[in-house]
Amino acid sequence: MGLALYNTATRQKEQFQPLDPEHVRMYVCGPTVYDYAHIGNARTFVVFDLLNRVLRREFSRVTCVRNITDVEDKIITAADETGETIEQVTERTGRAFHEDMEALGLLPPDVEPRATDHIPEMIEMIEALIDRGHAYEADGHVLFSVVSDENYGSLSRRNREDMIAGARVEVAPYKKDPCDFVLWKPSTTEQPGWDSPWGRGRPGWHIECSAMSEKYLDTPFDIHGGGLDLAFPHHENELAQSTCAHDGAEFVKTWVHSGFVTVEGEKMSKSLGNFKTARDLLSDHPGEAIRLTLLSTHYRQPFDWTDDGVSQSKSVLDRWYRAVGDTPASETVPAEVVEALDDDLNTALAMSAMHALADQAIAGGKVSAAGLRAAANLMGLLLSDAETWFKGGTADDDVASIERAVAGRVAARERRDFAEADRIRDELKAQGIELEDLPDGTTDWRKIG
């Protein structure tokens, strides 16, 4: 059957057929680099990394573009608050973003354009919109005229009242309509700005992705992805800009959105003290455990982050790593896992099949172990070897200390000093080290927690 994806634009699951059978093109809205990526951002990027991996398994050529927004009012505010320059803010948070996404097992995008490198393309698109009667200049701003696009609202399917509320529109006297949105805005001497036909200024957020996606993927392209929070107004506005700039030509074939994220049952908020960044979580949990947790719920469904959930994921990975041991991945991914992921990335069903493979592998099935590793690799998991997973991240001096303690416990057991052996076991457990007595009389150890 092949891959099927739920298309937000049509509100139904569709068989995916790329516009060019030889080349799949996907754009994923990337980070605005003013702060660390939070867990909602991380879920979106992990989901589309999985889709990227599935596409690369099934098609000979895939181009994945994920942008960096490095000019936006939030960045200006962050620089004012920290006392850094804008360049320092974007460099620091951009570097952290790349480090965090690598720790979560993401493949790098094929192209990662930065907004500030594409100002001429944005100006060109704005000029085209003005020429076609879809945008107007007012008080140093250029705004998109929503009423000029009869299809505006088709993606999010919101009525006018919902659009005004959802966009948190700025009340401004220079707007012809409250829903009109900014394509270009003036900059003060202290703010980043570029020369344009409308004076020195900077682009609005929405025009950035329209210009960059067109440059690297042409239009129309196959898949546009992002979190559900971007469907309106960001993606709605992108769609309007890009179609109207090209006289109504198609922009994107399939729109894919991941669901909202809560934390321990509540909306994530700094005021509630439950704002979770990927960086914070990675300091407490392995990246693979976080990734598995984020994939445990179907990507279109709401996802609730819990500490219990990530602990369970760590236990699952412990079991899977024990099941595969040092067995290499098979050349083919088990059919039941492929079928599950082809069904709109049904990760829960895929994991159910992987649990069954783990059962068979633990019972001695080498073929199942190889299949489990292949399936997990497709999902960006079990990419390490078992020894590194269980002992990885332990400093050499600590390893030597642990192994001396283990040897001391073995000696205590040999002389039948079980009280001393238990003391050593308990002391290591308190340090986060779990011991396993093997049938051949040796003892292995692994990090826990």
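Asks: What should I look at first to understand the overall build of the protein chain in this one?
Replies: Per the secondary structure count, the protein chain includes 16 helices and 15 strands. Principal axes of the C-alpha set define a box for the protein chain whose edges measure 90 × 55 × 35 Å. Counting the 449 residues in the protein chain, one finds 52% classified as buried. Of all intrachain contacts in the protein chain linking residues separated by at least 6 positions in sequence, the fraction that spans at least 24 positions is 74%. When the accessible surface of the protein chain is totalled, it reaches about 20,500 Å², and 48% of it is carbon and sulfur. A distance of 4 Å separates the average location of the 47 positive side-chain charges in the protein chain from that of its 78 negative side-chain charges.

Asks: Honestly, empty space enclosed by the protein in this entry has me stumped. Any pointers?
Replies: Unoccupied space between atoms shows up once a probe the size of one water molecule is rolled over them. Enumeration according to the criterion identifies 2 cavities of 30 Å³ or more in this entry. When its volume is computed, the largest cavity comes out at roughly 100 Å³. Of all the elements in the fold, those that place two or more residues in the lining of the largest cavity are helix H1 (39-58) and strand S4 (62-66). No other element matches the 4 residues that H1 contributes to the lining of the largest cavity. Each residue belonging to the lining of the largest cavity can be placed in one class, and the counts come to 8 nonpolar, 1 polar and 2 charged.

Asks: How should the side chain of Glu208 be read in this particular structure?
Replies: Position of Glu208 relative to the elements: it lies in helix H6 (residues 205-217). Despite its burial, Glu208 remains without a salt bridge, the nearest opposite charge being carried by Arg202 at 8.3 Å. Apart from the residues within four sequence positions on either side, Glu208 is in contact with Thr69, Val71, Ala115, Met122 and Pro203.

Asks: Just checking my understanding: could you explain the sheet that holds strand S6 (residues 141-144) for this structure?
Replies: As summarised here, the arrangement of the 4 strands in space is S5-S6-S7-S8, forming an open sheet in which the pairing is antiparallel. If you trace the sheet from one side to the other, it starts and ends with strand S5 (135-138) and strand S8 (201-203), each paired once. Averaged over neighbouring strand pairs, the angle between their axes works out to 20° when direction is ignored.

Asks: Quick question: what am I supposed to make of the packing of H6 against helix H7 (residues 231-244) here?
Replies: Packed helices, taken two at a time, are described by their axes: the angle between them and the distance between them. Between H6 and H7, the shortest axis-to-axis distance is 9 Å and the interhelical angle comes to 55°. When the axes of H6 and H7 are compared, the pair comes out oblique. Read as a crossing pair, H6 and H7 show a hand that is right-handed. Between H6 and H7, the residues in contact are Trp205, His206, Ile207, Cys209 and Ser210 and Pro233, His234, Asn237, Glu238, Gln241 and Ser242, respectively.

Asks: Would you mind showing me how to read the packing of aromatic side chains here?
Replies: Here the distance between the centres and the angle between the planes together describe a pair of aromatic rings. Going through the model one piece at a time under the given rule, you end up with 9 aromatic pairs. Within the aromatic cluster, the residues linked to one another by ring pairs are Tyr27, Phe221, Phe251 and Trp255. Between Arg66 and the ring centre of Phe45, over which it is positioned, the NZ or CZ distance is 5.8 Å. Seen from the ring of Phe275, Lys270 lies directly overhead, with NZ or CZ sitting 5.1 Å from the centre.

Asks: So what exactly am I meant to see when it comes to the nonpolar core here?
Replies: One recurring pattern in soluble globular proteins is that nonpolar side chains are buried together. If you look at the biggest cluster of nonpolar residues, it comprises 71 residues, and the most contacted ones within it are Ile39, Leu51, Leu55, Trp305, Trp320, Leu372 and Met379. With near-sequence residues (within four places) excluded, Trp305 lies in contact with Ile39, Thr262, Val263, Glu264, Leu281, His285, Ile290, Thr293, Leu294 and Val310. Val65, Ala115, Ile126 and Leu155 belong to the second-largest nonpolar core, a separate cluster that totals 38 residues.

Asks: Any chance you could explain the pairing of S6 here in plain terms?
Replies: Alternating residues of S6 divide into His141 and Leu143 and Val142 and Phe144, and every residue in both groups is buried. For S5 and S6, the ladder comprises 4 bridges, and the chain directions are antiparallel. Within the sheet, the bridge partner assigned to Ala138 lies in S6 and is His141. The turn joining S5 and S6, which pair antiparallel and follow one another in sequence, is formed by 2 residues; a positive phi near 55° is taken by Asp139.

Asks: Teacher, can you tell me more about the side chain of Thr293 here?
Replies: You can see Thr293 is positioned in helix H9 (residues 287-295). Under the relative-accessibility criterion, Thr293 is labelled buried at 3%. Beyond its immediate stretch of four places on either side in the chain, Thr293 contacts Phe303, Trp305, Gly309, Val310 and Ser313.

Asks: Can you help me understand unusual backbone geometry in this one?
Replies: Among all residues save glycine, negative phi is the norm, and among peptide bonds the norm is trans. Of the consecutive residues Thr219 and Pro220, the connecting peptide bond is found in the cis state with omega at 0°. Considering the arrangement of structural elements, one finds Pro220 in the loop between H6 and strand S9 (221-227). Here the amide bond leading from Phe232 into Pro233 is cis, since omega sits at 5°, within 30 degrees of zero. You can see Pro233 is positioned in helix H7. With a phi close to 55°, Asp247 is a non-glycine residue in the positive phi region. Looking at Asp247, the relative accessible area reads 61%, which means it is exposed. One non-glycine residue, Leu345, lies in the positive phi region at around 55°. On the secondary structure map, Leu345 appears in the loop between helix H11 (335-342) and helix H12 (347-362). Judged by its relative accessible area of 2%, Leu345 falls in the buried class.

Rules of the game
Residues numbered from 1 in each chain as written. Predicted model: local features only at pLDDT ≥ 70, side-chain atom pairs only at ≥ 80, totals over all residues. Heavy atoms only, no water. Helix = DSSP H or I, 4+ residues; strand = E, 2+ residues; numbered from the N terminus. Buried < 20%, exposed > 50% of the residue type's maximum accessible area, 1.4 Å probe, protein only. Contact = heavy atoms within 4.5 Å. Areas by Shrake-Rupley, 256 points an atom, 1.4 Å probe, with all protein chains shown as cover. Lys, Arg positive; Asp, Glu negative; His and termini not counted. Charge placed at Lys NZ, Arg CZ, Asp CG, Glu CD. 1 Å grid on protein atoms, 1.4 Å probe; cavity = no way out; pocket = protein on both sides within 12 Å on 5 of 7 lines; lining within 4 Å. Points joined across faces, edges and corners; volume = space filled by probe spheres on them. Nonpolar A, V, L, I, M, F, W, Y, C, P; charged D, E, K, R; others polar. Salt bridge = Lys/Arg side-chain N within 4 Å of Asp/Glu carboxyl O. Pairing = 2+ DSSP bridges. Axes fitted to C-alpha atoms, helices over the stretch in contact; angles between N-to-C directions. Parallel < 35°, antiparallel > 145°, perpendicular 65-115°, else oblique. Left-handed = near helix turned anticlockwise from the far one by under 90°. Phe/Tyr/Trp six-rings, centres within 6.5 Å; stacked < 30°, edge-to-face > 60°. Lys NZ or Arg CZ within 6 Å of the ring centre and 35° of its normal. Core = buried A, V, L, I, M, F, W, Y, C linked by side-chain atoms within 4.5 Å.

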